[in-house]
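Listed below are the residues making up each chain.
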Amino acid sequence: MSDEHDENDQAYVREVGSRIRAIRRQKGLSLQDVEADSAGEFKASVLGAYERAERVISVPRLQRLAAIYSVPIEQLLPGVGMTPVSGPRESGPYVTIDLQRLDGLTGAEAEMLARYLTMIQVQRQDFNGRVLTIRSDDLRALACILGVGVDQTIPRLSELGLAFAI
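These numbers come from a predicted model, not from an experiment.

**What to know about the confidence of the model for the chain**
Reasoning step 1: For the chain, the mean per-residue pLDDT works out to 82, and 84% of the residues sit at or above 70.
Reasoning step 2: Across the chain, helix 3 (residues 44-51) holds the top mean pLDDT of 95, while strand 3 (residues 163-165) sits lowest at 64.
Reasoning step 3: Contacts for the low-pLDDT stretch residues 80-91, under 50 throughout, to residues beyond four places or in other chains number 14 contacts.

Shown next as structure tokens:
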């Protein structure tokens, strides 16, 4: 039973490492970038060892790494917060939101938009942090947040400098 437990633990450590690597790559970061962004707290060689499951990361360090990646810690843990995306993709219109520009906005409207868009990122496991493509079904919720009709949502997002249609 002990060997089975050890095998399960190793599989879990490998999956954590895989998730750490996947999110780092999705963010477009190299191991050296993370070392620089963490002011040397996460050495490139140590982070690589976590990703290859050669070392086990502690919970406090995992939490700090999640903060550096700007993702909820659940996204670094296997089986937690993972929502499979299924079904056919809907047809357009799609709107691309500039998340970096959203970070520069203030006020209640910007705060509500940020919370809603973060929820979409978590659901899709999309943490590139630069842009987010919004589907037509999401426009109704955005219209409510912005206090406009659905047909005015894209123009309002454009006025805020957040969106362009694709």
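From this point, things continue past the structure.
**What about the side chain of Ser38?**
Reasoning step 1: Along the chain, the position of Ser38 falls in the loop between helix 2 (31-37) and helix 3.
Reasoning step 2: In this structure Ser38 comes out as buried when scored by relative accessible area, which is 9%.
Reasoning step 3: For Ser38, the side chain forms a polar contact with the main-chain oxygen of Glu35, separated by 3.1 Å.
Reasoning step 4: Side-chain polar atoms of Ser38 contact the backbone nitrogen of Phe42, separated by 3.0 Å.

**Some remarks on unusual backbone geometry**
Reasoning step 1: You will see that Ala39, though not glycine, has its phi angle at about 55 degrees, which is positive.
Reasoning step 2: Notably, Ser70 is not glycine yet its phi reads approximately 55 degrees, a positive angle.
Reasoning step 3: Residue position: Ser70 is located in the loop between helix 4 (59-69) and strand 1 (95-98).

**Focus: the packing of aromatic side chains**
Reasoning step 1: Overall, the coordinates contain zero aromatic pairs when judged by the stated rule.
Reasoning step 2: Lying across the ring of Phe42, Arg61 places its NZ or CZ 4.3 Å from the centre.

**What to know about the packing of helix 3 against helix 4**
Reasoning step 1: As a packed pair, helix 3 and helix 4 sit with axes 14 Å apart at the nearest point and diverge in direction by 105 degrees. By the criterion of interaxial angle, the relationship of helix 3 to helix 4 is roughly perpendicular. The residues of helix 4 that touch helix 3, namely those facing Val46, Leu47, Tyr50 and Glu51, are Arg61, Leu65 and Tyr69.
Reasoning step 2: The class makeup of the residues in the contact of helix 3 with helix 4 is five nonpolar, no polar and two charged.

**Focus on the pairing of strand 2 (residues 131-134)**
Reasoning step 1: Here strand 2 shows a buried face lined by Leu132 and Ile134 and an unburied face lined by Val131 and Thr133.
Reasoning step 2: As defined by bridge partners, strand 1 adjoins strand 2 across four bridges and the pair is classed as antiparallel. When the bridges of strand 2 are listed, Thr96 appears paired with Thr133.

**Examining the nonpolar core**
Note that soluble globular proteins tend to have their nonpolar side chains buried in a common cluster.
Reasoning step 1: If you look at the biggest cluster of nonpolar residues, it comprises 19 residues, and the most contacted ones within it are Ile97, Leu113, Leu117, Ile134, Leu142 and Leu157.
Reasoning step 2: For this core, the elements supplying multiple residues, two or more each, are strand 1, helix 5 (99-103), helix 6 (108-124), strand 2 and helix 7 (136-146).
Reasoning step 3: Counting residues per element, this core draws most heavily on helix 6, which supplies five residues.
Reasoning step 4: Those residues in contact with Leu117 that sit more than four places away from it in its chain are Ile97, Leu99, Leu102, Leu132, Ile134 and Leu142.

Rules and cut-offs
- Residues numbered from 1 in each chain as written.
- Predicted model: local features only at pLDDT ≥ 70, side-chain atom pairs only at ≥ 80, totals over all residues.
- Heavy atoms only, no water.
- pLDDT = per-residue confidence, 0-100.
- Helix = DSSP H or I, 4+ residues; strand = E, 2+ residues; numbered from the N terminus.
- Contact = heavy atoms within 4.5 Å.
- Buried < 20%, exposed > 50% of the residue type's maximum accessible area, 1.4 Å probe, protein only.
- Polar contact = N/O pair within 3.5 Å; in protein donor to acceptor, adjacent residues only side chain to side chain.
- Phe/Tyr/Trp six-rings, centres within 6.5 Å; stacked < 30°, edge-to-face > 60°.
- Lys NZ or Arg CZ within 6 Å of the ring centre and 35° of its normal.
- Axes fitted to C-alpha atoms, helices over the stretch in contact; angles between N-to-C directions.
- Parallel < 35°, antiparallel > 145°, perpendicular 65-115°, else oblique.
- Nonpolar A, V, L, I, M, F, W, Y, C, P; charged D, E, K, R; others polar.
- Pairing = 2+ DSSP bridges.
- Core = buried A, V, L, I, M, F, W, Y, C linked by side-chain atoms within 4.5 Å.

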